[in-house]
Amino acid sequence: MDSRRSVPNLGPNLMVGLWICCGLACAFLSLRLYCKFKRHVLLQYDDYLLIVSWIVQVVCSVLVTLNVAVGFGKHTDNVIREYGPETLVLITLRETIVGFLMTLAIAWSKTSFAVTLLRIMQGKMKVLLWLIIITMNIFMTVGALSLFLQCSPVAKSWNEDIPGTCWHDFNMIAGMFSSAYSALMDFVLALLPWPLIWHLKMRTKEKIGVAVAMSMGICAGTTAIVKCYYLQRPHGEDFFYEGGNLITWGSAEVATTIMAASIPVLRVLVRDIRESVAWVRDTGSFRGALRSLRRKSRGISGQTAITGQEQQILRSNDRESDKAWSGSGGITRTQEVHISFDNRVDADDLGLNVDRAEFGIAV
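Attention here is on the structure that accompanies the text. Model, not experiment: these values are computed from the prediction.

## A few points about the overall build of the protein
A tally of helices and strands in the protein yields 14 helices and 2 strands. Residue burial in the protein is summarised as follows: out of 363 residues, 44% are buried. At a minimum sequence separation of 6, the contacts of the protein that also span at least 24 residues come to 72%.

Structural data, given as structure tokens:
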């Protein structure tokens, strides 16, 4: 019997959790980008921040997978026995890099949603958003750098055999404070859109749906709180076995933030699909529903379709009147027709089916 199989190993579960988080974040982010491309909406800074955050999340998952292959997830004694003491240095170095990158990915993904809100907020709310963005990134960056700055020399952070001094409490306090602050900002960012949405000219049911969709950052804040619990003991004697929980919740925080930032955009897609399904149920025409969905995905609104119909009727009437006048051999009547298009922009980005005028700003 292989002795390795009888050794407690949380590595496989850790990899499953990490790659599920990456997969879910990728699915939501891909749908977000799909909605924007289909509606011919240019990518903004918030989109690029989410893309970079997801790429960093994938890099971290790859590094953790490499660590699991050499024993991460097992008890420290078992790692030394199976792979040698030198492996501990390699695993610790990779985990230090993972912690640094994951913290930055969390900060960037949350900054993305704040940047989205900047496009629709005004006055003091914009000042508050900039304050949140700046302070959160400062605290999160300090928390990330503390992984390297906790020891002198720096290399002692991943190699305990090197002579020097470490201040592990500094890393723990900086990490817990930055995580707690980011969790608080998640709840603040989730509540900020409510006053704006509540004053829009929409049905109450629609307002609640949009507000809830834009408040999903609460889920990210919850994962940050859970991560704070595991930050209390990152330097325990058996971190190689217990440290996977901290990494899993860090990846979950990035994933939930990306998903929460994408849900408002996906709400438009869900609405269009629901209307197309209703079309099939009412008319029995599946092709008509697909045409309707394609038309909606290109950003063609109901007002544009009605205007086109009116234009056809006018042209038909013009042809009949032209025949009447040409028969009399006298005067030919001409009629000028103005076609207007519905002005819907970044409101659809946020799942808000309202005109630009309702925001009072150009976004």
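Let's pick the thread back up.
## Remarks on the state of the cysteines
Per the stated rule, a full pass over the model turns up 1 disulfide. At a sulfur-sulfur separation of 1.9 Å, the disulfide partner of C151 is C166. Measuring the twist about the S-S bond at about 110°, one finds the C151-C166 disulfide to be right-handed. On the criterion of sequence distance, the pair formed by C151 in strand 1 (residues 151-152) and C166 in strand 2 (residues 165-166) is long-range, its members being 15 residues apart. For C151, a relative accessible area of 4% corresponds to the buried category.

## Section: the nonpolar core
Within the largest apolar cluster, 52 residues are counted, with the highest numbers of intra-cluster contacts made by L117, L129 and L189. Of all the elements, helix 4 (residues 86-118) adds the most residues to this core, at 12 residues. Ignoring sequence-local partners within four residues, the contact set of L129 consists of A114, L117, L118, M121, L189 and L192.

## Considerations on the packing of aromatic side chains
Tallying each qualifying case throughout the model produces 8 aromatic pairs. Taken together, a centroid distance of 6.4 Å and an interplanar angle of 70° make the contact between F72 and F240 edge-to-face. One end of the pair, F72, is in the loop between helix 2 (45-69) and helix 3 (76-83); the other, F240, is in helix 10 (residues 239-283), and 168 residues separate them in sequence. According to the relative accessible area criterion, F240 is buried, its value standing at 11%. With centroids separated by 5.0 Å and ring planes inclined at 75°, the aromatic side chains of Y229 and Y230 adopt a geometry described as edge-to-face. What makes Y229 partly exposed here is its relative accessible area of 45%. Taken together, the aromatic side chains of F72, F239 and F240 make up a single cluster linked through ring pairs.

## Considerations on a nonpolar patch on the surface
Where nonpolar side chains cluster on the molecular surface, the patch consists of L191, W194, W198, I208 and V212 and spans about 450 Å² of accessible area. For the nonpolar patch, the secondary-structure elements that each account for two or more residues are helix 7 (193-198) and helix 8 (204-213). By the secondary structure assignment, I208 is in helix 8. What makes I208 partly exposed here is its relative accessible area of 38%.

Thresholds, definitions, all that
Residues numbered from 1 in each chain as written. Predicted model: local features only at pLDDT ≥ 70, side-chain atom pairs only at ≥ 80, totals over all residues. Heavy atoms only, no water. Helix = DSSP H or I, 4+ residues; strand = E, 2+ residues; numbered from the N terminus. Buried < 20%, exposed > 50% of the residue type's maximum accessible area, 1.4 Å probe, protein only. Contact = heavy atoms within 4.5 Å. Disulfide = S-S within 2.5 Å. Core = buried A, V, L, I, M, F, W, Y, C linked by side-chain atoms within 4.5 Å. Phe/Tyr/Trp six-rings, centres within 6.5 Å; stacked < 30°, edge-to-face > 60°. Patch = residues over 30% accessible without salt bridge, like charges linked within 9 Å, V, L, I, M, F, W, Y side chains within 5 Å. Areas by Shrake-Rupley, 256 points an atom, 1.4 Å probe, with all protein chains shown as cover. Salt bridge = Lys/Arg side-chain N within 4 Å of Asp/Glu carboxyl O.

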